Amino acid sequence: MLRSLFREFAGAGGKLDDPCPSLASFRNRCNVLVIFEGSNDDRPIRQEEELLHHERNLTDRDVAVLRVAGGGVFQLFEEPYELNADDIRRDLQGPADDEFEMVLVGLDGMTKLRSYAPLPTIVILGVLDALPPSTS
């Protein structure tokens, strides 16, 4: 009986404490790499070019790449999703509109990597490969 009560409380708490509700549609389906793009900044462009050269490596690892620019959310490799840029910025404690930041969100909705500078894709792939596999 105590175990079932614990599961009930743990299950309810997990839903209420979702670390990133704005990206819940990706949960347990794919990792999400969010690029917050600042205006008048070449870092987002450099990062996107780097990622595009390794699109297959990222898609093979089930990574969705989202660009948050101004008030919009754009997907780098696939069709766009209906997502709210302000919600994503709030949930991930993202930077101001004019700053660059990149955040990798795992299958569990938790932040796995945060960078304020463009990274080589090999670094991102290394983090992804070190993550535990999905349990669902």
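Summarised in this report is the structure supplied together with it.

Cut-offs used in this document
- Each chain carries its own residue numbering, running from 1 in the direction its sequence is written.
- Given that this is a predicted model, residues contribute local features only at a pLDDT of at least 70 and side-chain atom pairs are listed and counted only at 80 or more, while totals for whole chains, interfaces and linings are drawn from all residues.
- Note that the side-chain values use all heavy atoms of the structure and ignore hydrogens as well as water.
- A run of H or I in DSSP becomes a helix once it reaches four residues, and a run of E becomes a strand once it reaches two; helices and strands are each numbered from the N terminus.
- The contact definition used throughout considers only heavy atoms, calling two residues in contact when any of these lie within 4.5 Å.
- Between N or O atoms, a polar contact is any pair within 3.5 Å; within protein, one atom must be a potential hydrogen donor and the other a potential acceptor, and residues adjacent in sequence are included only when both atoms are from side chains.
- Only strands joined by at least two bridges in the DSSP assignment are considered to pair.
- Only the stretch in contact is used when a helix axis is fitted, and all axes are lines through C-alpha atoms; the angle between N-to-C directions ranges over 0 to 180 degrees.
- Exposure classes here rest on a 1.4 Å probe applied to the protein chains alone. A residue is buried below 20% of its type maximum, exposed above 50%, and partly exposed in between.
- Throughout, the arc means that of the directions going from the helix axis to the C-beta atoms.

**Brief notes about the environment of Ser22**
Next up, step 1: Inspection of the secondary structure puts Ser22 in the loop between helix H1 (2-16) and strand S1 (31-37).
Next up, step 2: Residues Ser22 and Asp91, spaced 69 residues apart in sequence, show a C-alpha to C-alpha distance of 6.9 Å.
Next up, step 3: Here Ser22 is in contact with Leu83, Asp87, Ile88 and Asp91, once residues within four sequence places are set aside.
Next up, step 4: There is a polar contact of 2.7 Å between the side chain of Ser22 and the side chain of Asp91.

**Let's talk about the sheet that holds strand S3 (residues 72-75)**
Next up, step 1: If you walk across this open sheet you meet the five strands as S3-S2-S1-S4-S5, and the pairing is mixed. Looking at which strands have only one partner, the edges of the open sheet turn out to be S3 and strand S5 (111-115). Going from strand to strand, the sheet's axes swing by 20 degrees on average, the running direction of each strand aside.
Next up, step 2: Strand direction decides the pairing type here: strand S2 (residues 63-69) and S3, joined by four bridges, are antiparallel. Residue pairing across strands places Val68 opposite Val73, the latter belonging to S3.
Next up, step 3: Sheet strands in contact with helix H2 (residues 43-52) are S1, S2 and strand S4 (101-105), and its direction is about 150 degrees off that of S1.

**Brief notes about helix H5 (residues 121-130)**
Next up, step 1: Those residues of H5 that sit buried are Thr121, Ile124, Leu125 and Leu128. The buried residues of H5 all sit within an arc of 100 degrees when viewed along its axis, so they share a single face. Away from the buried face of H5 by more than 90 degrees, exposed residues Ile122 and Ala130 are located.
Next up, step 2: Buried-residue contacts for H5 involve S1, H2, helix H3 (55-60), S2, S4 and S5.

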